[in-house]
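Structural description and commentary
Next come the chains, spelled out residue by residue.
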Amino acid sequence: MEQSMKVQIVPMNGDHLDEVAELERVCFPDPWSRNMLKEELENDLAAFLVALDGQGAVTGYAGLQVVLDEGYILNVAVRPDCRRQGVAGQLLQVFLDFAKGNQLAFLTLEVRASNYPAIALYGSRGFRGVGRRKNYYEHPKEDAVIMTLDLTGEEETDE
C-alpha cells in the first residue's frame, strides 16, 4: 500500500511557472517550455493544477482542457522523489470531481505504452484503453495508449 503524501491542490498561477517548467524538464523527454505553460494559463478552455507540499514547493501538476462536454487530460507529472505517494491520484481526483460536477461525457488522455504505473493509476480510476496512437511519442519513439473514462453511465457492452 503506497503512503499518501499530504499535498494541497491549487490552481496553477504565474508564481508556479518556474517550478512547473523544471518539473517538465525532469519528467519528459520533450518538455513543454515555460512560455507554453504560461500560454495555457491564459487559455480559457484549460485548467492547470499544482500539488504543493507543506513548504509550498510544487510536487506535481496536471492540466485539463475542456471542449464542450469533453475533457482532455493534457499532462500529469510528479517530482521523481514524490512518486508513488498518491500525488498524481489526488490531482486526477480533482479532475474527476470537476468532470462529474460539470456533466462531462468523458475524460481522455494519452500515456506512453511503457508507463505501467500511470496506466495502472488511470485503470484504478475507471479509465480503459480504447486505442493506440502509433509512434505518438518521440525520444524514444513509442506508441501512446489512449485511455478514456466514460462518464455518461452508458458503458459499451458490445465486446
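Report follows, based on the coordinates. Values in this document were obtained by computation on a predicted structure and should not be read as measured data.

1. Details of the nonpolar core
Within the largest apolar cluster, 29 residues are counted, with the highest numbers of intra-cluster contacts made by Ile73, Leu107, Tyr122 and Phe127. Taken together, the elements giving at least two residues each to this core come down to β2 (46-52), β3 (58-67), β4 (70-78), α3 (87-101), β5 (106-112), α4 (116-124) and β7 (142-150). When residues in this core are grouped by element, the largest group, seven residues, is from α3. Apart from the residues lying within four places of it in its own chain, the contact partners of Ile73 are Gly63, Leu64, Leu92, Phe95, Leu107, Thr108, Leu109 and Phe127. In terms of nonpolar packing, the next biggest core, distinct from the first, is built from 15 residues, Val10, Val20, Phe48 and Ala77 among them.

2. With respect to the sheet that holds β4
The seven strands lie next to each other as β1-β2-β3-β4-β5-β7-β6, forming an open sheet whose pairing is mixed. Pairing within the sheet leaves two strands with one partner each, and these edge strands are β1 (8-11) and β6 (128-137). On average, each strand axis in the sheet is tilted by 25 degrees relative to the strand beside it, whichever way the strands run. The pairing of β2 with β3 spans seven bridges and is classified as antiparallel. Note on β3: the bridge partner recorded for Phe48 is Gly63. Running over the sheet, α4 touches β4, β5, β6 and β7 and is turned about 165 degrees from β5.

3. Concerning the packing of helix α1 (residues 17-27) against helix α2 (residues 34-41)
Remark: α1 packs on α2, axes separated minimally by 9 Å, with the N-to-C direction vectors making an angle of 125 degrees. In terms of orientation, α1 and α2 fall into the oblique class. Where α1 crosses over α2, the handedness of that crossing is right-handed. In this structure, α1 uses Leu17, Asp18, Val20, Ala21 and Glu24 to contact α2, whose residues at the interface are Arg34, Leu37, Lys38 and Leu41.

4. Brief notes about the packing of aromatic side chains
A complete count under the given rule lists five aromatic pairs for this structure. When the centroid spacing of 6.0 Å and the interplanar angle of 55 degrees are considered together, the rings of Trp32 and Phe48 count as tilted. Here Trp32, found in the loop between α1 and α2, pairs with Phe48, found in strand β2; they are 16 residues apart in sequence, far enough to count as distant. Given the relative accessible area of 21%, Trp32 is considered partly exposed. Here the aromatic rings of Phe48 and Tyr61 are separated by 6.1 Å at their centres, their planes lie at 15 degrees, and the arrangement is stacked. Here Tyr61 lies in strand β3 and Phe48 lies in strand β2, a separation of 13 residues in the sequence. Neither Phe48 nor Tyr61 differs from the other in exposure class; each is buried. Here a set of aromatic residues connected by ring pairs shows up, and it is made of Trp32, Phe48 and Tyr61.

Reading the values: the criteria
- Each chain carries its own residue numbering, running from 1 in the written order of its sequence.
- Selection of residues for local features in this predicted model requires a pLDDT of at least 70, selection of side-chain atom pairs for listing and counting requires 80 or more, and totals for whole chains, interfaces and linings are taken over all residues.
- The basis for every side-chain value is the complete set of heavy atoms in the structure, and neither hydrogens nor water enter the calculation.
- Here the nonpolar core consists of buried residues drawn from Ala, Val, Leu, Ile, Met, Phe, Trp, Tyr and Cys, with membership extended through side-chain atoms lying within 4.5 Å.
- Buried, partly exposed and exposed residues are distinguished by accessible area as a fraction of the type maximum, computed with a 1.4 Å probe on protein chains only: under 20%, between the cut-offs, and over 50%, respectively.
- In this description a helix means any DSSP run of H or I spanning at least four residues, a strand means any run of E spanning at least two, and both kinds are numbered starting from the N terminus.
- The criterion used for residue contact is that any of the two residues' heavy atoms lie within 4.5 Å.
- DSSP calls a pair of strands paired once it identifies at least 2 bridges connecting them.
- Lines fitted to C-alpha atoms define the axes, with helix axes restricted to the stretch in contact, and inter-axis angles between N-to-C directions lie between 0 and 180 degrees.
- Angular relationships are summarised with four words: roughly parallel below 35 degrees, roughly antiparallel beyond 145, roughly perpendicular across 65 to 115, and oblique for the angles in between.
- Two helices crossing with the near one rotated counterclockwise from the far one by less than a right angle form a left-handed crossing, whereas a clockwise rotation gives a right-handed crossing.
- The pairing test for Phe, Tyr and Trp rings, Trp by its six-membered ring, is centres within 6.5 Å, and the orientation test on the planes gives stacked under 30 degrees, edge-to-face over 60, and tilted for anything in between.

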